[in-house]
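If you want the building blocks of each chain, they are given just below.
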Amino acid sequence: MSKISDIIAKLAAPVAEKHGCELWDVEYIKEAGAWFLRVYIDRVDGVSIDLCEAVSHDLDPILDEHDDLIPGSYTFEVSSAGAERQLRRQSDFDRFVGHLVEVKLYKSKDGQKVYLGVLRNRDAGGAVEIDVSGQTICFAENEVASVRLRIGKVPETG
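Residues numbered from 1 in each chain as written. Predicted model: local features only at pLDDT ≥ 70, side-chain atom pairs only at ≥ 80, totals over all residues. Heavy atoms only, no water.

## Notes on the packing of aromatic side chains
Aromatic rings in a pair are described by how distant their centres are and how their planes are angled relative to each other.
No. 1: Summed over the entire model, instances satisfying the criterion amount to 3 aromatic pairs.
No. 2: Ring centres of Trp24 and Phe96 lie 6.2 Å apart, and the angle between their planes is 70 degrees; on these two criteria the pair is classed as edge-to-face. With Trp24 in strand β1 (residues 22-31) and Phe96 in the loop between α3 (90-95) and β4 (100-109), this pair connects stretches of sequence that are 72 residues apart.
No. 3: Centre to centre, the rings of Tyr28 and Trp35 are 4.6 Å apart; their planes meet at 15 degrees, and the pair counts as stacked.
No. 4: Note on Trp35: relative accessible area 32%, which makes it partly exposed.
No. 5: In this structure, Arg38 packs its charged tip against the face of Phe36, placed 4.6 Å from the ring centre.
No. 6: Here the guanidinium or amino end of Arg85 rests over the ring plane of Trp24, the centre of that ring lying 4.6 Å away. (Phe/Tyr/Trp six-rings, centres within 6.5 Å; stacked < 30°, edge-to-face > 60°. Helix = DSSP H or I, 4+ residues; strand = E, 2+ residues; numbered from the N terminus. Buried < 20%, exposed > 50% of the residue type's maximum accessible area, 1.4 Å probe, protein only. Lys NZ or Arg CZ within 6 Å of the ring centre and 35° of its normal.)

## With respect to the environment of Thr75
No. 1: Locating Thr75 in the fold gives a position in strand β3 (residues 75-80).
No. 2: By relative accessible area, which is 34% here, Thr75 ends up partly exposed.
No. 3: In sequence terms Thr75 and Phe139 are 64 residues apart; their C-alpha atoms lie 36 Å from each other.
No. 4: Sequence-distant contacts of Thr75, that is, excluding residues within four places in its chain, are made with Trp35, Phe36 and Leu37. (Contact = heavy atoms within 4.5 Å.)

## Regarding the pattern of salt bridges
No. 1: Tallied over the full model, the rule gives 14 salt bridges.
No. 2: Arg38 is the partner of Glu31 in a salt bridge, and the nearest nitrogen-oxygen pair spans 3.0 Å.
No. 3: For Glu31, a relative accessible area of 32% gives the class partly exposed.
No. 4: Two residues, Asp42 and Arg85, come together in a salt bridge whose shortest N-O distance is 2.7 Å. Placement of Asp42 in strand β2 (residues 34-42) and of Arg85 in the loop between β3 and α3 is noted, with a sequence separation of 43 residues between them. In this structure, Asp42 and Arg85 share a single accessibility class: buried.
No. 5: Sharing partners across several salt bridges, the network here consists of Glu22, Asp42, Arg85 and Arg95. (Salt bridge = Lys/Arg side-chain N within 4 Å of Asp/Glu carboxyl O.)

## Digging into helix α1 (residues 3-18)
No. 1: Helix length check: α1, at 16 residues, gives a terminal C-alpha distance of 24 Å against a target of 22 Å (1.5 Å per residue), a fit within 8%.
No. 2: Along α1, the sharpest change in direction is near 30 degrees and occurs at Ala12; proline Pro14 comes one to four residues later.
No. 3: Ile4, Ser5, Ile8, Ala9, Leu11, Ala12, Val15 and Ala16 are the residues of α1 that are buried.
No. 4: If you follow the buried residues of α1, they end up packed against β1, β2 and α2 (49-65). (Expected span 1.5 Å × (residues − 1). Bend = angle between axes of the 7 residues up to and from the residue.)

## Examining the layout of surface pockets
No. 1: Roughly 180 Å³ of volume is contained in the largest pocket.
No. 2: Along its surface, the largest pocket is lined by 13 residues, and Leu87, Arg88, Phe93, Arg122 and Val144 are the ones closest to its centre.
No. 3: Per-element accounting of the lining of the largest pocket gives the leading share, 4 residues, to strand β8 (residues 144-149).
No. 4: Grouping the amino acids of the lining of the largest pocket by side-chain chemistry returns 7 nonpolar, 3 polar and 3 charged. (1 Å grid on protein atoms, 1.4 Å probe; cavity = no way out; pocket = protein on both sides within 12 Å on 5 of 7 lines; lining within 4 Å. Points joined across faces, edges and corners; volume = space filled by probe spheres on them. Nonpolar A, V, L, I, M, F, W, Y, C, P; charged D, E, K, R; others polar.)

## Quick word on α2
No. 1: A rise of 1.5 Å per residue sets the reference length of α2, with its 17 residues, at 24 Å; its end C-alpha atoms lie 25 Å apart and thus fit the reference within 8%.
No. 2: Of all bends in α2, the biggest is about 30 degrees, found at Leu59, and the proline Pro61 comes one to four residues later.
No. 3: Every buried residue belonging to α2 is among Leu51, Cys52, Val55, Asp58, Leu59 and Leu63, and all of these are buried.
No. 4: On the buried face of α2, the contacting elements are α1, β2 and β3.

In structure tokens:
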């Protein structure tokens, strides 16, 4: 996360909690020449448009109070983290052990850059371990470009 994202996350987390959800992530990125500030929220029973609107409504004046954080103009959005969200923090990995994930690599390993399997572990060093059809595959932190939840049938084992 960038410094701006870190600061916004600290401001947004209590607002999300007030609405019975958790802050999943904050992005401050440039796309097609325009800046976007995106706040992603999550809740066990799902995130509705009304919930996103309520969080946005309460967070907007707080951002206005801290208008010196973000130079220039930007588009502000509050959104669900999504069913196929990217896992970033150790707590994300811990929460979704046993779930289907897609691991994308920077470089091919055994002729593949994308692996689909069941998340088994992410250790303190950042290595990710998945089960692919009964075979455990481990990826070092520096090999992994991203790990994302996937909806679908867990691959057959054995």
